[in-house]
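The chain contents come next:
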Amino acid sequence: MGSMIELALRPWAHRLRRRVNLPVRLTWGDHGHSGLSLGDFSEPTVRMRVRDAAALPLLMQPTLETLGQAYVEGLIDVEGELKDIVAVAHGLADAASVGEQAVARPRRRTDHSRALDSDAIRYHYDVSNEFYAQWLDPAMVYSCAYFERGDESLALAQQKKIDHILTKVRLQPGQRLLDIGCGWGALVIRAAQQFGVRCVGITLSENQYALARERVKATGLEDRVEIRLQDYRDVPDGPFDRVTSVGMFEHVGLNHLAAYFGQVRALLAPDGWVLNHGITSSDAQDGEASKGAGGFVHRYVFPHGELPHLGTVMRTMQEGGLEVFDAENLRRHYARTVALWSEAFEARRDRIRALVDDKRWRIWRVYLAGCAWAFEQDEIALFQVLCRPARRSAGEMPWSRRWMYATD
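The numbers attached to residues start from 1 for each chain and follow its sequence in the written order. Selection of residues for local features in this predicted model requires a pLDDT of at least 70, selection of side-chain atom pairs for listing and counting requires 80 or more, and totals for whole chains, interfaces and linings are taken over all residues. To obtain the side-chain values, all non-hydrogen atoms of the structure were included, while hydrogens and water were left out.

Our focus in this paragraph is the overall build of the chain. Only DSSP runs of H or I with at least four residues qualify as helices, and only runs of E with at least two residues qualify as strands; both kinds are numbered from the N terminus onward. Along its length, the chain carries 15 helices and 11 strands. Using C-alpha atoms as the atom set, the radius of gyration is obtained and then compared with a globule rule of 2.2 Å times the number of residues to the power 0.38. At 23 Å, the chain has a C-alpha radius of gyration in line with the 22 Å of a compact globule built from 408 residues. In the chain, the proportion of contacts linking residues at least 24 apart, taken out of those at least 6 apart, comes to 75%. To be clear on the numbers: accessible area is Shrake-Rupley with a 1.4 Å probe, and residue cover counts the displayed protein chains and nothing else. Here the chain has roughly 18,200 Å² of accessible surface; of this, 48% comes from carbon and sulfur atoms. Only four residue types enter the tally: Lys and Arg on the positive side, Asp and Glu on the negative side, with His and both chain ends excluded. Positions of charges follow a simple convention, taking NZ of Lys, CZ of Arg, CG of Asp or CD of Glu. Side chains of the chain give 51 positive and 53 negative charges; the mean places of these two sets differ by 1 Å. Residue contacts are counted whenever heavy atoms from the two residues lie within 4.5 Å of one another.

Next comes the structure, spelled out in structure tokens:
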């Protein structure tokens, strides 16, 4: 195998060095004795070892998807700091496309169904509660935090995010709140405790459902918080005074967004407020993250996930009967959040590797590090969009947004 790999890699590496100078040492063979450099350096920052000849076609025309595939399938090993590994992966993908015309970012549209969505949710969220607990904050909030000053701990920033959402929707004691995609229950528990409201949280993840119910019981809120294993299309008991959806609509599908927001509108009281907090594409045509990153995420992390551009979000909200009042870009906040998740993942790597198989560990390791880069570089973004039912009197709308940022 060694000679075959060498015959393929040496001319490829020679062409690559003419295009880009990467601090990478590439090795193969027993104990990595054979190797070559992909740039000029005294010491490599990244070491890559080819373990199987099946990696060769994935390396010859590298994209973030093929490089990620080679890594998570165990065809190559990579050593180095995660930030350096991510930078090298982008350098390889960029070098492969030198001289090529820019192409439109791929758009993915899936015919979603209840069964398809349920399977996708369970694949992503039902790894195990203990797995997520290793690198999330103690409340296990798996969405973009809100760093009001920028120096908050992750736990405090996640609490601030929840309070920011509940303040935005002008939550009042005695009201009824629906949280679509409630995760492990942090938002509904906080809403009941701090705002004195009655809450329903729904999820399709059995693991989230079980732990969220345990947490509600432990806080003595069973009379005010109900957790359901339920699809948003099957909620029978509206209207709700307030509706929140945090990190869920990415699973709905581009073709179904208007219907999704229409269902939210149907569950909302005539004078209600709804806040949708979710990841968006930075491509105006709803394209995936570039250089194959979107393909990797679809294949290994979020099957059937689809990201709309903010313009598509606002259009489909209007089509669903909702009027947008405010949109806030929290991209910088998510870059920071995912970076902290990635750091925690690395710090607990031995414990995490004992909880999952090697492939899943590799998937999540490279996914978290890649997401931090994507948010930092405006490949993807995060918007909180605040709405009310459309075609209501202008006199019912607040004059300003001052209440959202009050520090009292």
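In space, the seven strands of this open sheet follow the order β7-β6-β5-β8-β9-β11-β10, with mixed pairing throughout. Of all the strands in the sheet, the pair left with one neighbour each is β7 (225-229) and β10 (322-329). Adjacent strand axes in the sheet meet at a mean angle of 15°, parallel and antiparallel pairs treated alike. Examined bridge by bridge, strand β5 (residues 176-180) and strand β6 (residues 198-203) share five bridges and lie parallel to one another. Paired with Asp 179 across the strands is Gly 201, a residue of β6. Simply put, an axis is a line fit to the C-alpha atoms, just over the touching stretch for a helix, and the angle between two N-to-C directions goes from 0 to 180 degrees. In the packing of helix α7 (residues 154-168) onto the sheet, the strands contacted are β5, β8 (240-246), β9 (268-281), β10 and β11 (380-389), and the crossing angle to β11 comes to about 30°. Across the face of the sheet, helix α10 (residues 257-267) comes into contact with β5, β8, β9, β10 and β11 while running at roughly 150° to β9. The rule for pairing is simple: two strands pair if DSSP sees at least two bridges between them.

With that settled, the discussion passes to the packing of helix α4 (residues 82-96) against helix α15 (residues 358-376). Two elements in contact, α4 and α15, have axes whose closest approach is 10 Å; the angle formed by their N-to-C orientations is 75°. Taken together, the axes of α4 and α15 are roughly perpendicular relative to one another. Facing Leu 82, Val 86 and His 90 of α4, the residues of α15 in contact are Arg 365, Ala 369, Gly 370 and Trp 373. Of the residues in the contact of α4 with α15, the class split is four nonpolar, two polar and one charged. Roughly parallel means an angle under 35 degrees; roughly antiparallel, over 145; roughly perpendicular, 65 to 115; everything else is oblique. Gly falls in the polar group here, along with every residue not listed as nonpolar (Ala, Val, Leu, Ile, Met, Phe, Trp, Tyr, Cys, Pro) or charged (Asp, Glu, Lys, Arg).

Quick look at helix α12 (residues 310-319) now. Relative accessibility thresholds used throughout: buried, under 20% of the residue-type maximum; exposed, over 50%; partly exposed, between the two (1.4 Å probe, protein chains only). Those residues of α12 that sit buried are Leu 310, Thr 312, Val 313, Thr 316 and Met 317. The buried residues of α12 occupy an angular sector of 155° when the element is viewed end-on, so they sit on one face. Buried residues belonging to α12 abut α10, β9, β10 and β11. Positive backbone phi, at 95°, marks Gly 321, one or two positions downstream of α12. Directions from the helix axis toward the C-beta atoms define the arc.

Attention now moves to the pattern of salt bridges. A carboxyl oxygen of Asp or Glu within 4 Å of a side-chain nitrogen of Lys or Arg is what we treat as a salt bridge. A full pass over the atoms with the stated rule returns 29 salt bridges. As a salt-bridge pair, Arg 122 and Glu 206 come within 3.4 Å of each other at their nearest N and O atoms. In this pair, Arg 122 is assigned in helix α5 (residues 114-125) and Glu 206 in helix α9 (residues 206-218), connecting sequence segments 84 residues apart. Looking at Arg 122, the relative accessible area reads 31%, which means it is partly exposed. Between Glu 396 and Arg 388 there is a salt bridge whose closest N-O contact spans 3.0 Å. Residues joined in a network through salt bridges with shared partners are Arg 49, Arg 51, Asp 77, Arg 353, Asp 358 and Arg 362.

Side-chain rings of Phe, Tyr and Trp (the six-membered ring for Trp) are treated as a pair once their centres are within 6.5 Å; stacked means planes under 30 degrees apart, edge-to-face means over 60, and tilted covers the remaining angles. All chains considered together, the criterion is met by 26 aromatic pairs. Plain terms: the ring middles of Tyr 125 and Tyr 142 are 5.9 Å apart, the flat faces sit at 75° to each other, and that makes the pair edge-to-face. Remark: Tyr 142 occurs in the loop between α6 (129-133) and α7 and Tyr 125 occurs in helix α5; sequence separation between them is 17 residues. The pair formed by Tyr 125 and Tyr 142 is uniform in burial state, with each residue classed as buried. For the ring pair Phe 302 and Tyr 367, a centre distance of 6.2 Å and an interplane angle of 75° mean the geometry is edge-to-face. With Phe 302 in the loop between α11 (293-300) and α12 and Tyr 367 in helix α15, this pair connects stretches of sequence that are 65 residues apart. The exposure class of Phe 302 is buried, given its relative accessible area of 17%. Geometry around Trp 403 places Arg 170 over its ring, the cationic atom sitting 4.4 Å from the centre. For a ring to carry a charge above it, either NZ of a lysine or CZ of an arginine must fall within 6 Å of the ring centroid while also lying within 35 degrees of the normal to the ring plane. Here the basic side chain of Arg 401 rests over the ring of Phe 325, its NZ or CZ set 4.9 Å away from the ring centre.

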